[in-house]
Amino acid sequence: MNKIIIRKPDNMHVHLREGPMLTKVIMFTSYVYSRAVIMGNLKNPVDTPEKAMLYKSEILRNAGHPGFIPLMTLMITKNTNRQTVKDAKKEGIVGFKFIPANTSTGSEDIGLNFFELFDCIDILKEIRDQNLMFLVHSELIRDRQGNIIPLIKREETSIKLIDLLVDKVPGLKITIEHITTRKYANYILGIKYPFIWATITAHHPYGTYDMVCDKDGIIKNPELYCLPIFKSEDDQQAIIKAMISGNLKFFCGEDTAPHYFWDKIKPPYRPGLFTAPVGLILITQIFEKYNALGNLENFTSRFGAEAHDLPLNQGKITLIKKKWTVPLSHEGINIFKGGETLHWQIAS
Ligand SMILES: [Zn+2]
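In this text, all values refer to a predicted model and were calculated from it rather than measured experimentally.

Asker: What should I look at first to understand the layout of surface pockets in this one?
Answerer: To locate leftover empty space, one rolls a probe as large as a water molecule over the atoms. Approximately 310 Å³ is the volume found for the second largest pocket. Lining the second largest pocket are 19 residues, and of these E223, L224, I335, F336 and K337 lie nearest its centre. The residue inventory of the lining of the second largest pocket, partitioned by class, reads eleven nonpolar, four polar and four charged.

Here is the structure:
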């Protein structure tokens, strides 16, 4: 096969940043995807509809490709209340994002930890009642006693809390973002709850824990540091299997998260990989490698839209089989897989 034509895809998890960085990266996303779910973990977290509307206009001003639709989300912070949720619905916000405090850029100051989420049940019920999505970065950083949980265990230890949440707020639509473990894939497959989905990124099928950390858990390759961190080969195989399965519970959330390379290599290391220039190609190559190209469009262009109750995109995108070498960097931001040869390109 030398050509693939699929419905225009949706990227249900993307970090476009702000200011000069945004202008350098946005075109990679707006060119490929019709819509993208925008993360609001900016320096000043996007946690009100007013901030989201300002951010949306910055995105649209710089998108470069007419027709690109940013699907805005609000961060759940200490400022969030039920009225915020009602106002968000009126402004067309698609969901609320929970990033545990101290996980990633922008979540430090006013974020909540996983246990504090259970003090916000009224807000979560409002999110459910407004038919908005609850997007979860599902990693537990400290246990109830305050002990730090090792990076590699954080995702799987959070599953029991999500299970509790499902009981507390039945009917809440939940997307578990960027799952990386066999345990989470099995949980999503096994739970008899129709309102839970998971996104899978473009980079997690391509990495394992030992590429980033040494045997003592110390980061040895900060350029590949992302959260959740890469896991074992067994976990990698499990998320690939989920990705290509054609199961509507799993859809595309590329999670491109750019940083300047000088920020990536100096401590404290910043999590996140810049995958936007290669994301759809990397995903396509996984489906091809495992003889599952027939399921590609469902993963990239259907299941995410259906989970969010959005109409399917009408346009098409064409990929052609043609080798190219990924540039090492773009305007000071190192590109994931830079220097490697990929064998698909986007033609139109
Ligand atoms: Zn992210």
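Asker: I would appreciate a short explanation of the side chain of S301 in the present structure.
Answerer: With respect to the helices and strands, the residue S301 is situated in helix α10 (residues 296-307). At a separation of 2.8 Å, a polar atom in the side chain of S301 contacts the main-chain carbonyl oxygen of R7. With residues up to four places along the chain from it excluded, the contact list for S301 reads I6, R7, K8, P9, D10 and L312.

Asker: Just to check I follow, could you spell out the pairing of strand β4 (residues 69-75) for this structure?
Answerer: Successive side chains on a regular strand alternate, one facing one side of the sheet and the next facing the other. The buried count for β4 comes to six of seven residues, which makes it a mostly enclosed element. The sheet contact formed by strand β3 (residues 35-38) and β4 spans four bridges and is parallel. Residue A36 lies in a different strand from β4, and its bridge partner there is P70. Between the parallel elements β3 and β4, the chain passes through helix α2 (residues 49-62) in a crossover that is right-handed.

Asker: Is there a simple way to explain the side chain of H308 in this structure?
Answerer: Looking at the secondary structure, you find H308 in the loop between α10 and β10 (316-325). Ignoring any residue separated from it by four or fewer positions in sequence, one finds H308 in contact with M12, V37, V94, M133 and K173.

Asker: What is the right way to look at the nonpolar core in this model?
Answerer: If you look at soluble globular proteins, the nonpolar side chains tend to sit buried side by side. L124, I127, F134, I162 and I176 are the most contacted members of the largest nonpolar core, which totals 102 residues. Counting residues per element, this core draws most heavily on helix α9 (residues 279-289), at six residues. In this view, L124 contacts I76, L117, F134, L165, V169 and L172; residues no more than four positions away in its chain are not counted.

Asker: Just to check I follow, could you spell out the packing of helix α1 (residues 19-32) against α2 for this structure?
Answerer: Any two packed helices are characterised by how steeply their axes cross, that is the angle between the axes, and by the distance between the axes. The geometry of α1 relative to α2 is characterised by a closest axis approach of 9 Å and an angle of 45 degrees between their N-to-C directions. One finds that α1 runs oblique with respect to α2. Note on packing geometry: the crossing formed by α1 with α2 is right-handed. Contact with α1, carried on its side by G19, L22, T23 and I26, involves Y55, E58, I59 and N62 of α2 and no other residues of that element. Residues that form the contact of α1 with α2 fall into these classes: four nonpolar, three polar and one charged.

Asker: What should I look at first to understand the pairing of strand β5 (residues 95-98) in this one?
Answerer: Because side chains alternate across β5, one face comprises the buried residues G95 and K97, and the other comprises F96 and F98, equally buried. Across three bridges, the pairing between β4 and β5 is parallel. The residue of β5 that forms the bridge with L74 is F96. Where the polypeptide runs from β4 across helix α3 (residues 82-90) and back to β5, its parallel neighbour, the crossover connection is right-handed. Here four bridges tie β5 to strand β6 (residues 133-136), and the two strands are oriented parallel to one another. Paired with F98 across the two strands is V136, which belongs to β6.

Analysis parameters
- Residues numbered from 1 in each chain as written.
- Predicted model: local features only at pLDDT ≥ 70, side-chain atom pairs only at ≥ 80, totals over all residues.
- Heavy atoms only, no water.
- 1 Å grid on protein atoms, 1.4 Å probe; cavity = no way out; pocket = protein on both sides within 12 Å on 5 of 7 lines; lining within 4 Å.
- Points joined across faces, edges and corners; volume = space filled by probe spheres on them.
- Nonpolar A, V, L, I, M, F, W, Y, C, P; charged D, E, K, R; others polar.
- Helix = DSSP H or I, 4+ residues; strand = E, 2+ residues; numbered from the N terminus.
- Polar contact = N/O pair within 3.5 Å; in protein donor to acceptor, adjacent residues only side chain to side chain.
- Contact = heavy atoms within 4.5 Å.
- Buried < 20%, exposed > 50% of the residue type's maximum accessible area, 1.4 Å probe, protein only.
- Pairing = 2+ DSSP bridges.
- Right-handed = clockwise from strand over helix to strand, strands pointing away.
- Core = buried A, V, L, I, M, F, W, Y, C linked by side-chain atoms within 4.5 Å.
- Axes fitted to C-alpha atoms, helices over the stretch in contact; angles between N-to-C directions.
- Parallel < 35°, antiparallel > 145°, perpendicular 65-115°, else oblique.
- Left-handed = near helix turned anticlockwise from the far one by under 90°.

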